[in-house]
Amino acid sequence: MRETVVVSFSTDERDADHVASALKTLAARACNMPGCISYAATTLADSPSEFHIQQKWDNAAAWQAYLNSEAHFAFQTEVYGLLSDLTVAQQAPLRPRRSTCFALAS
């Protein structure tokens with residue numbers, strides 16, 4: 001069964017560029033992982049410190065492998081202590097991107 005996961009978080013404005021850079025690296029690596037169907041990271045034009053990730057995986061095992069991957073660990077290490085308001089929703093319906101979103105990676 002395919003897994004759809006939506007992740008949202010924010011950071012302080014002063015850390016937004018650093019988090020965006022780390023997220024771009026993570027997204028590029030995640031897109032090449034086995035079982036990744038799609039992985040899109042966005043931020044809002046009027047709130048560049050608010051981030052959203054929409055990801056789709058072949059199955060729960062593929063998503064779990066991503067969570068246990070070196071790429072995910074490296075991202076967590078890079079942004080440790082910088083994220084707030086973290087929410088993770090499994091099997092949530094994907095919302096269409098609003099025109100005010102900027103794609104960081106897809």
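Residues numbered from 1 in each chain as written. Predicted model: local features only at pLDDT ≥ 70, side-chain atom pairs only at ≥ 80, totals over all residues. Heavy atoms only, no water.

**Student:** Run through the overall build of the protein, naming residues and quoting values.
**Tutor:** Helices and strands together make up the secondary structure of the protein, namely three helices and five strands. In the protein, the order of α-helices and β-strands from amino to carboxyl end is β-α-β-β-α-α-β-β. Taking all 106 residues of the protein together, the buried fraction comes to 44%. Surface summary for the protein: the accessible area is close to 6,200 Å², and the carbon and sulfur share equals 52%. (Helix = DSSP H or I, 4+ residues; strand = E, 2+ residues; numbered from the N terminus. Buried < 20%, exposed > 50% of the residue type's maximum accessible area, 1.4 Å probe, protein only. Areas by Shrake-Rupley, 256 points an atom, 1.4 Å probe, with all protein chains shown as cover.)

**Student:** Please provide a residue-by-residue account of the side chain of histidine 52, values included.
**Tutor:** As for its position among the elements, histidine 52 is in strand S3 (residues 47-57). We classify histidine 52 as buried; its relative accessible area is 12%. At a separation of 2.9 Å, a polar atom in the side chain of histidine 52 contacts the side chain of serine 8. Side chain to side chain, histidine 52 and glutamate 50 meet in a polar contact 2.8 Å long. (Polar contact = N/O pair within 3.5 Å; in protein donor to acceptor, adjacent residues only side chain to side chain.)

**Student:** Let's hear about the packing of aromatic side chains: which residues, and what values?
**Tutor:** For the coordinates displayed, the defined rule picks out four aromatic pairs. By the ring-pair criterion, three or more aromatic residues cluster together here, those being Phe9, Phe51 and Phe75. (Phe/Tyr/Trp six-rings, centres within 6.5 Å; stacked < 30°, edge-to-face > 60°.)

**Student:** Got a sec to walk through unusual backbone geometry? Specific residues and values, please.
**Tutor:** One non-glycine residue, aspartate 85, lies in positive phi territory at about 55°. For aspartate 85, the location among the structural elements is in strand S4 (residues 84-90).

**Student:** Run through the nonpolar core, naming residues and quoting values.
**Tutor:** In terms of nonpolar packing, the biggest core is built from 23 residues, with Phe9, Leu23, Tyr39, Trp57 and Tyr66 touching the most fellow members. Considering each element in turn, this core owes the most residues, seven residues, to helix H1 (residues 16-31). Excluding residues within four positions of it along the chain, phenylalanine 9 makes contact with Val19, Leu23, Ser49, Glu50, Phe51, Ile53, Phe75, Leu83, Ser84, Asp85 and Leu86. (Core = buried A, V, L, I, M, F, W, Y, C linked by side-chain atoms within 4.5 Å. Contact = heavy atoms within 4.5 Å.)

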